[in-house]
Amino acid sequence: MVTIVCPHCSRERRIDAARYKQGKKPLLVTCSCGHRFESHLELRQAPRKRVQLAGEYTHLETQERDELLIQNLSLTGMRFSIPDPHDVRMGDRLRVSFVLETPLRPTITRELEITGISRQVIHGRFTNAPARDADLGFYLMSQPQD
């Protein structure tokens with residue numbers, strides 16, 4: 001279920017998101033106040049959280065290493081930025097490593113496939129995420145949602 005809020009009157013309407021396929025087309029909504037607006041549904045496999053975590057990456061093909069700044073994170077992937085210039089392309093695979101800001105400060109290391117690039121902002125999905133990850137799971141639950 002998702003909640004859609006009218007930007008005109010702030011009335012809320014809950015709809016079953018399973019009825020809609022995720023796509024490029026926005027959903028056209030007509031509020032009971034008569035206001036019509038577009039809403040974009042973004043369906044995710046796992047909740048994504050906004051973070052500011054420093055880390056590093058190693059390009060698995062070139063072995064290039066550099067720093068990165070994670071902007072948002074989920075159990076299945078992340079969005080991050082890296083210094084300019086970089087040699088990362090769509091489909092490349094990186095090994096990323098970062099420390100969670102919790103009392104135990106666990107280090108998380110994952111392989112990541114690049115799925116989107118917009119200048120310095122890069123999106124990727126984890127290719128070797130474990131089925132269960134208590135450290136990352138509890139960390140994501142404790143952070144504000146994105």
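Above this text sits the structure in question.
Nothing here was measured: the structure is a model prediction, and the numbers come from that model.

**Student:** Explanation requested: the nonpolar core in the structure shown.
**Tutor:** Side chains of nonpolar character tend, in soluble globular proteins, to be buried together. With 22 residues, the main nonpolar core has Ile70, Leu73, Met78, Phe80, Val96 and Phe98 as its most contacted residues. In contact with Phe80, not counting residues within four places along its chain, are Leu68, Leu69, Ile70, Gln71, Leu94, Leu112, Ile114, Gln120, Val121 and Ile122. Core analysis: the next-biggest nonpolar cluster, separate from the first, contains 7 residues, Ile4, Cys6, Ile15 and Leu27 among them.

**Student:** Help me understand unusual backbone geometry, please; the structure alone is not making it clear to me.
**Tutor:** Note: most residues except glycine have negative phi, and most peptide bonds are trans. Positive phi outside glycine occurs at Gln63, with the angle close to 65°. Along the chain, the position of Gln63 falls in the loop between strand E5 (49–59) and strand E6 (65–73). The phi dihedral of Arg105 falls on the positive side, at around 50°, and the residue is not glycine. In this structure, Arg105 sits in the loop between strand E8 (93–99) and strand E9 (107–118). What makes Arg105 partly exposed here is its relative accessible area of 49%.

**Student:** I would appreciate a short explanation of the side chain of His86 in the present structure.
**Tutor:** With respect to the helices and strands, His86 occurs in the loop between strand E7 (77–81) and E8. Among the polar contacts listed, one links the side chain of His86 to the backbone nitrogen of Val88, at a separation of 3.2 Å. Residues within four places of His86 in sequence aside, it is in contact with Tyr57, Ile117, Arg119, Gln120 and Ile122.

**Student:** What's the story with the pattern of salt bridges in this structure? I'm lost.
**Tutor:** It is possible for side chains of opposite charge to pair when their charged atoms get near one another. In this structure the tally under the stated criterion is 5 salt bridges. The partner of Glu111 in a salt bridge is Arg93, and the shortest N-O contact between them spans 2.9 Å. Taken together, the residues span a long stretch of sequence, with Glu111 in strand E9 and Arg93 in strand E8 at a distance of 18 residues. Taking the relative accessible area as the measure of exposure, Glu111 reaches 21% and is therefore partly exposed. Using a relative accessible area of 36% as the deciding quantity, one classes Arg93 as partly exposed.

**Student:** Hey, could you run me through the pairing of E8 in this one?
**Tutor:** Within a regular beta strand, the side chains point alternately toward one face of the sheet and then the other, so they alternate between its two faces. The alternating pattern of E8 places Leu94, Val96 and Phe98 on a buried face and Arg93, Arg95, Ser97 and Val99 on a face that is not buried. As paired strands, E5 and E8 are joined by 5 bridges and run antiparallel to one another. Within the sheet, the bridge partner assigned to Gly55 lies in E8 and is Phe98.

About the thresholds
- Residues numbered from 1 in each chain as written.
- Predicted model: local features only at pLDDT ≥ 70, side-chain atom pairs only at ≥ 80, totals over all residues.
- Heavy atoms only, no water.
- Core = buried A, V, L, I, M, F, W, Y, C linked by side-chain atoms within 4.5 Å.
- Buried < 20%, exposed > 50% of the residue type's maximum accessible area, 1.4 Å probe, protein only.
- Contact = heavy atoms within 4.5 Å.
- Helix = DSSP H or I, 4+ residues; strand = E, 2+ residues; numbered from the N terminus.
- Polar contact = N/O pair within 3.5 Å; in protein donor to acceptor, adjacent residues only side chain to side chain.
- Salt bridge = Lys/Arg side-chain N within 4 Å of Asp/Glu carboxyl O.
- Pairing = 2+ DSSP bridges.

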